[in-house]
Every structure is written in structure tokens, then in C-alpha cells.
Amino acid sequence: MGPALVAGVAYLDPGNVAVNMSAGAQFGYLLVWVLVVANVAAWLIQYLSAKLGLATGRSMAELLGERLGSTAGRVLFGLQAQFVAIATDVAEVIGGAVALWILFDVPLVAGAIITGLVSTVLLLVQSERGAKAFEFTIMGLVVVIVLGFCYGLFLAPPALADVAGGLVPRFDGAQSVLLAASIMGATVMPHAIYAHSSLARDRFGASDIAPARLIRATRLDVTIALGIAGSVNLVMLLVAATVLPGVAGTESLEGAHLAIHDALGATAGLLFAVALLASGLASTAVGAYAGSDIMGGLFRTKLRLLTRRLLTIIPAILVLASGIDATFALVLSQAILSFGIPFAVVPLVWLTAQRGLMGGYVNARGTTVAGWVVAAGIIALNVALLAMELGVV
């Protein structure tokens, strides 16, 4: 066990924080159901990704690199996958920069550089000390994230009737659909799909443990990881829905922090900022790990660690230097990620349904059907969002 807990950090990144806080502040409990559905879908997808890595001993990027017929097709597919990984990492670096600004008044651009440097150190742990050391480092940051974001729930618990009302599927205008797509993009993270198969390969590639036993353990690993991530995401939305509606300025992470500070006290505000920082540091390391695997599998090239970090840090610095609101950039990046999910989910379901590749670990028919339902649902949400934004509906 362990790879799912690392991949699960992708579900606790600053993009999740921005989206969940925005959804709760703007629409109260309306989108609770989206978060629940997204986490159920994420469980299935992450399990399939880990199973793919365990059954084949290769990552999804490597398998796609072998199966995409032409060099042009492989490179084009790799470009969109790398774009998604970069968009993810940009959001995570921005989140870390905002947290440093809240905590220590560090300018945003400098905060982005610091976040990138610290995450580079975390990647060095993975490359020099191995998978287990990397897992324990990330899990330590997960503990900080859980404590920091969940503290507010004990100070301002929501009414159960309100939470139950949020489980009824519905929307309230185009903005709620945008946030729903953002929640989906922040929950079923495309880069986490690539990363999980790679993490499973790196951790168990040389193991003599039977794949069947590893796959059984992986179900529990994914259940624990997604249980933690889903619960924390739900807590964020519930706290925002309880204490932030009607409060001015909560459309930004800085404003949300200030509102939580004013409503729940200095300790809650401090823990929120510390958790946001831990979220940015942990998730950007995992995002860069995924980007490296995509480069190796689809572009068949290995970049130096510093080069990989520059690919993602520079776009984040440019976004912050341009003066674009950091929280808006985070929410928008998650909506963009939602459009990238099908390009990861469809190949994943296709690969894990191939008996020639998976052998005795091929998907059961019901599992494959569920995977296609998830893919179709995400595509339908993206189409609805585009139609609304274009004024078609």
C-alpha cells in the first residue's frame, strides 16, 4: 500500500481548494452531489490505473507510446497530456505562492519560485531515496492538509438537512455548471491517472508478490486514499457553504482565508493557510512526477529534473506576473482539466479491457461498462458547459 495515497494528493491540490471554496461560497450546498459523484468516479479510475501498472509492469504513458501507430500521433497525444500536466502544476504552484503570501507576505512571484524549489527537493527524495521515502514524505504533508482543512468543520458544523439537500442533482445557471466541471476536473485529475500507473510500476516492478495479491491490496489502498481526499474536499465545501455565503471577497483564496479568520478565529485561519501551503508543495511534486512519466512514455525522452521544473514553474510565474487573479486562474485551470479527462480515461478503460494485455486481470464486463459511463458523463458535462458558454442553450 502507498501509491494511491501519493496519487490521491492530486485530489487535495490548491485547485481543489479554490473550486470547493468558490462552490460553497456562491451556491451553498447545491453542488455537494457533484463532489460525491466525482469521488465515486475517481475511485474507479484510480483503481484501473493502478491495476494497469501492476498487471503489465508498465505505465499508461509507456503503453500508449507503444500502441499509437505514427510518430505524429504519439507526439500530438503527448502534447495534450503534457499540457494538462503543466496546467495542473501551474495551479499547484500558484496555490503554494498564495499560501506563502498569506502566511509571510512573500510576493506571489517569489512564492511561486520558492514553491517550485521546495517541490524539486521532494522530487529529489523520490529519485535518490526511492518510492517508499517519497510516499512517507507526501503522507506527512497529507496529515497537515487534513488537519488544517478539517479544523473549521468542528467549529461550524453544517446542518445535516442542508447537506442532504445538496445530494439532489441539479444546477443553477451556467456558473454552477462551470463550477461542476471544475469540481470534476479537480477530482478526476488526468495527470493522476498517468501517475498512479507509474507509481505502482516503480513501487512493485521488481516485487515477487503475486499481482493478484497486489491488486486486492490496491483496492483498499485506493479506498483509503480517496476516502481521505473525498472527505477533505467535502469538508472544504461544507465549511465554505456554512460560513462564507454573503461574505464579500470570498471569490479569492485570500478573501476566503480572511473570512474564515474572521468567522472562526485566528487558529482556523492559520491552519487553513498552512494546509494550503502543504497542499501546493505536495501536489506540485506529484504533478511533476506525472509530467516526467508522460515525457518518457509518449515523447520517449528523459529531461533533467531542473528542466522539468522550469517547464511548469515559468508558466506559473508568467500567470502571476500578468496580474491575473490567482484564484480565478486556479478555477479556470480546473475547468480546462475537465476537458482533458476523456483523453486519459478513454485510453485507460480501453487498455484495461484488453485481455491480450491484461491477461487474467482484464476488466470484468461491468467494470468496463462503468468506466465508459464515467467517460460519457464527463464528456456530456463538458459539452453542456461549452454549449452554455457559447449561448447555444
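Details of the structure are given in the entry above.
Thresholds, definitions, all that
Residues numbered from 1 in each chain as written. Predicted model: local features only at pLDDT ≥ 70, side-chain atom pairs only at ≥ 80, totals over all residues. Heavy atoms only, no water. Helix = DSSP H or I, 4+ residues; strand = E, 2+ residues; numbered from the N terminus. Buried < 20%, exposed > 50% of the residue type's maximum accessible area, 1.4 Å probe, protein only. Contact = heavy atoms within 4.5 Å. Areas by Shrake-Rupley, 256 points an atom, 1.4 Å probe, with all protein chains shown as cover. Lys, Arg positive; Asp, Glu negative; His and termini not counted. Charge placed at Lys NZ, Arg CZ, Asp CG, Glu CD. Expected span 1.5 Å × (residues − 1). Salt bridge = Lys/Arg side-chain N within 4 Å of Asp/Glu carboxyl O. Patch = residues over 30% accessible without salt bridge, like charges linked within 9 Å, V, L, I, M, F, W, Y side chains within 5 Å. Axes fitted to C-alpha atoms, helices over the stretch in contact; angles between N-to-C directions. Parallel < 35°, antiparallel > 145°, perpendicular 65-115°, else oblique. Left-handed = near helix turned anticlockwise from the far one by under 90°. Nonpolar A, V, L, I, M, F, W, Y, C, P; charged D, E, K, R; others polar.

Visitor: Residue-level account of the overall build of the chain, with values.
Guide: Within the chain, the secondary structure is distributed over 17 helices and zero strands. For the chain, the spread of C-alpha atoms along the principal axes amounts to about 55 × 45 × 40 Å. Counting across all 393 residues of the chain, residues that qualify as buried make up 57%. Pairs at least 24 residues apart make up 86% of the contacts formed inside the chain by residues separated by at least 6 positions. For the chain, the computed accessible surface area is about 15,000 Å², with 69% contributed by carbon and sulfur atoms. Treating the 19 positive side-chain charges of the chain as one cloud and the 19 negative ones as another, the clouds have centres 18 Å apart.

Visitor: Explain helix H6 (residues 108-129) to me, and be specific about the residues and the numbers.
Guide: Counted at 1.5 Å a residue, the expected span for H6 with its 22 residues is 32 Å, and the 31 Å between its end C-alpha atoms agrees. Those residues of H6 that fall on the buried side of the exposure criterion are Gly 111, Ala 112, Thr 115, Gly 116, Ser 119, Thr 120, Leu 122, Leu 123 and Gln 126.

Visitor: Which residues make up helix H3 (residues 32-56), and what are the values?
Guide: Across its 25 residues, H3 extends 37 Å between first and last C-alpha, which sits within 8% of the 36 Å expected from 1.5 Å per residue. Counting buried positions over the 25 residues of H3 gives 20, a clear majority of the element. Positive backbone phi, approximately 75°, marks Gly 57, located one or two places after H3.

Visitor: Account for the pattern of salt bridges, naming residues and giving values.
Guide: In the structure shown here, the tally under the stated rule is six salt bridges. Arg 67 serves as the salt-bridge partner of Glu 66, at 3.5 Å between the closest nitrogen and oxygen. Under the relative-accessibility criterion, Arg 67 is labelled partly exposed at 33%. Across the pair Asp 202 and Arg 201 runs a salt bridge whose closest N-O atoms are separated by 2.9 Å. The class for Asp 202 is partly exposed, based on a relative accessible area of 36%. For Arg 201, a relative accessible area of 17% translates into the label buried. It is possible to trace a salt-bridge network through shared partners that takes in Glu 62, Arg 201, Asp 202 and Asp 293.

Visitor: I'd like a description of a nonpolar patch on the surface, backed by residues and values.
Guide: Together, Phe 83, Ile 324, Phe 328, Leu 332 and Ile 336 make up a nonpolar patch on the protein surface, roughly 480 Å² of accessible area in all. By residue number, the principal contributor to the nonpolar patch is helix H15 (residues 326-352), which donates three residues. Relative to the helices and strands, Phe 328 is located in helix H15.

Visitor: I'd like to hear about the packing of helix H5 (residues 71-104) against H6, residue by residue, with values.
Guide: For the pair H5 and H6, the least separation of the axes is 8 Å and the interaxial angle reads 120°. Between H5 and H6, the angle falls in the class oblique. The hand of the H5/H6 crossing is right-handed. Together, Glu 92, Val 93, Gly 96, Ala 97, Val 98, Leu 100 and Trp 101 of H5 and Leu 108, Gly 111, Ala 112, Ile 114 and Thr 115 of H6 make up the contact between the two elements. Its residues assigned to classes, the contact of H5 with H6 shows eight nonpolar, three polar and one charged.

Visitor: For unusual backbone geometry, give the residues involved together with the corresponding values.
Guide: Apart from glycine, the bulk of residues carry a negative phi angle, and the bulk of peptide bonds sit in the trans form. Unusually for a residue other than glycine, Asp 105 sits at a positive phi of about 60°. With respect to the helices and strands, the residue Asp 105 is situated in the loop between H5 and H6.

Visitor: Lay out the packing of helix H7 (residues 131-155) against helix H13 (residues 266-298) in plain terms, naming residues and giving numbers.
Guide: As a packed pair, H7 and H13 sit with axes 8 Å apart at the nearest point and diverge in direction by 150°. Here H7 is positioned roughly antiparallel relative to H13, judged by the angle of their axes. You can see that H7 and H13 cross each other, and the crossing is left-handed. Where H7 approaches H13, its residues Phe 134, Ile 138, Leu 141, Val 144, Ile 145, Gly 148, Phe 149, Tyr 151 and Leu 155 are matched on the opposing element by Thr 267, Ala 268, Leu 271, Phe 272, Val 274, Ala 275, Leu 276, Ala 278, Ser 279, Ala 282, Ala 285 and Val 286.

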